[in-house]
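# Structure assessment
Residue strings, one per chain:
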Amino acid sequence: MTTIHELVKRYQGEELALPIWFEEGVLKLIDQTKLPFSEDIVTCSTVEHLAEAVRSMMIRGSGAIGICGAYGLYLAAYVSDGDPDEIKQAGKLLKSTRPTAVNLMKTVDEMVEAINGTGQDLVEGMEQKTVEILERQLAFEYELGKHGAALIEDGDTIMTHCHSGALGGAGYGGRALSVIRTAHEQGKNIHVITCETRPYLQGARITAYELKKFGIPHTLITDNMSGFCMNTGRVDKIVVGSDRVSANGDLANKVGTYMHALAAKENGIPFYTATSSHTIDFDTESGEDIEVEMRDSSEVTEIKGVKIAPEGTAALYPSFDITPNHLISGIITEKGVITAPFTDNLQTVDPKLNKIPQ
Ligand code: RUB
């Protein structure tokens, strides 16, 4: 049996960018709101601290907040000396932080289902489940990276949006950047266009930071330049992550994704989402049923506390948008690349079925 301590030590010795880890009774995470200018480490000694870190985007990205679901419930078990009610309560609190990313809901549910007994036995049970989830999520990244990299050709320029990378995932490359990192490690000569991603600037701050760290050539654009780049032949493929894929293949991802997908269709550019089978939500029929998180309007009217609009200006911030399945060329998962018809073919990646469509 691998302990969390052993797992974290092993991961820290590998070429990973860990978003969060357990150390000496507390959770430590990289404050992603401070990147790229400082790599501050925040300590969470309670689930309430962790929930606040998720809500305030110190840790973000659907893979990473999924991992928070596992780590958070382990922390609750550890702090409460194995009190099942405290663990369930922690699950409810974490689920309430960000509604769109289904991975968070699924890891919390998986941890809650694993509750067995009380006291030290329960703490150990929660530890084992957390180790299992962490190892699985990292394995997904290597696998989906290989499947996605097979779609990338030498010389390709790949556009991505927001940050779907290591710090938004389990540490290798998250989803979209696992595809890109694998293609780069295979020796393919690729270039990445990263969209800055207003208003939180995940693309400018975090994707550019990781691409630099991994030595992958890249160019930053503002979101409204993507159409220009596409119809002037500067983009070969688009790969983005996903916070939730509904049963029919509609995709919820960072707001702006839909407009890139529309322009990609118009320009005949393949548009992929990279994800794991756990982000496919078979309980959600279509994109219309996905709850889109609405964030505070001040996140649009201010940048880092500096006002950029007249006092009192109304602003809207839907954190995600829905890209309908007909705009998607393929859904890259750890089990293979799924293409249309998505309603049928997605069924074949149900984690319980473990099959790759032909
Ligand atoms: C992050 C975001 C990312 C997705 C998908 O949103 O929309 O593109 O999480 O990436 P936020 P991945 O910054 O609001 O959490 O599938 O790698 O998680």
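In short, a report on the structure. (Residues numbered from 1 in each chain as written. Predicted model: local features only at pLDDT ≥ 70, side-chain atom pairs only at ≥ 80, totals over all residues. Heavy atoms only, no water.)

## Here we look at empty space enclosed by the protein
For the coordinates displayed, the defined rule picks out two cavities of 30 Å³ or more. When its volume is computed, the largest cavity comes out at roughly 190 Å³. Lining the largest cavity are 24 residues, and of these Arg-60, Gly-61, Ser-62, His-163 and Asp-243 sit closest to its centre. When contributions to the lining of the largest cavity are tallied by element, the ones reaching two or more residues are α3 (62-79) and β9 (251-254). For the lining of the largest cavity, the element with the most residues is α3, which contributes three residues. Looking at side-chain class alone, the lining of the largest cavity contains five nonpolar, 14 polar and five charged residues. If you add up the space inside the second largest cavity, you get close to 80 Å³. If you trace the second largest cavity, you find it lined by Leu-7, Val-8, Tyr-11, Leu-18, Pro-19, Ile-20, Trp-21, Ile-67, Tyr-71, Leu-134 and Ala-170. Broken down by secondary-structure element, the contributors of at least two residues to the lining of the second largest cavity are α1 (4-12), β1 (20-23) and α3. The element that contributes the greatest number of residues to the lining of the second largest cavity is α1, accounting for three residues. (1 Å grid on protein atoms, 1.4 Å probe; cavity = no way out; pocket = protein on both sides within 12 Å on 5 of 7 lines; lining within 4 Å. Points joined across faces, edges and corners; volume = space filled by probe spheres on them. Helix = DSSP H or I, 4+ residues; strand = E, 2+ residues; numbered from the N terminus. Nonpolar A, V, L, I, M, F, W, Y, C, P; charged D, E, K, R; others polar.)

## Some thoughts on the site of the ligand
Within the structure, the ligand sits among 19 residues, and Arg-60, Ser-62, Ser-164, Gln-202 and Lys-254 are positioned closest to it. At 3.0 Å from an oxygen atom of the ligand is found a side-chain nitrogen or oxygen belonging to Asn-253. Between the ligand and Lys-254, the relevant distance is 2.7 Å, taken from an oxygen atom to a side-chain nitrogen or oxygen of the residue. Out of a free accessible area of 450 Å², the ligand has 100% covered by protein chains. At a threshold of 2 Å from the grid points, most atoms of the ligand map onto the largest cavity. Breaking the shell around the ligand down by element, the ones donating at least two residues are α3 and β9. (Near = heavy atom within 4 Å. Polar contact = N/O pair within 3.5 Å; in protein donor to acceptor, adjacent residues only side chain to side chain. Areas by Shrake-Rupley, 256 points an atom, 1.4 Å probe, with all protein chains shown as cover. Sits in = over half its atoms within 2 Å of the grid points.)

## Brief notes about the pairing of strand β7 (residues 237-240)
Across the two faces of β7 the burial is the same, with Lys-237 and Val-239 and Ile-238 and Val-240 all buried. Sheet analysis places strand β4 (residues 157-160) next to β7, joined by two bridges and oriented parallel. Within β7, the position partnered with Ile-158 by the bridge is Lys-237. Across three bridges, the pairing between β7 and strand β10 (residues 271-274) is parallel. Across the sheet, Ile-238 pairs through a bridge with Phe-271, a residue of β10. (Buried < 20%, exposed > 50% of the residue type's maximum accessible area, 1.4 Å probe, protein only. Pairing = 2+ DSSP bridges.)

## Observations regarding unusual backbone geometry
The omega torsion of the bond from Arg-198 to Pro-199 falls at 0 degrees, within 30 degrees of zero and hence cis. Along the polypeptide, Pro-199 turns up in the loop between β5 (191-195) and α8 (202-213). Its identity is not glycine, yet Met-57 carries a phi of approximately 70 degrees, on the positive side. Among the structural elements, Met-57 can be located in the loop between α2 (47-55) and α3.

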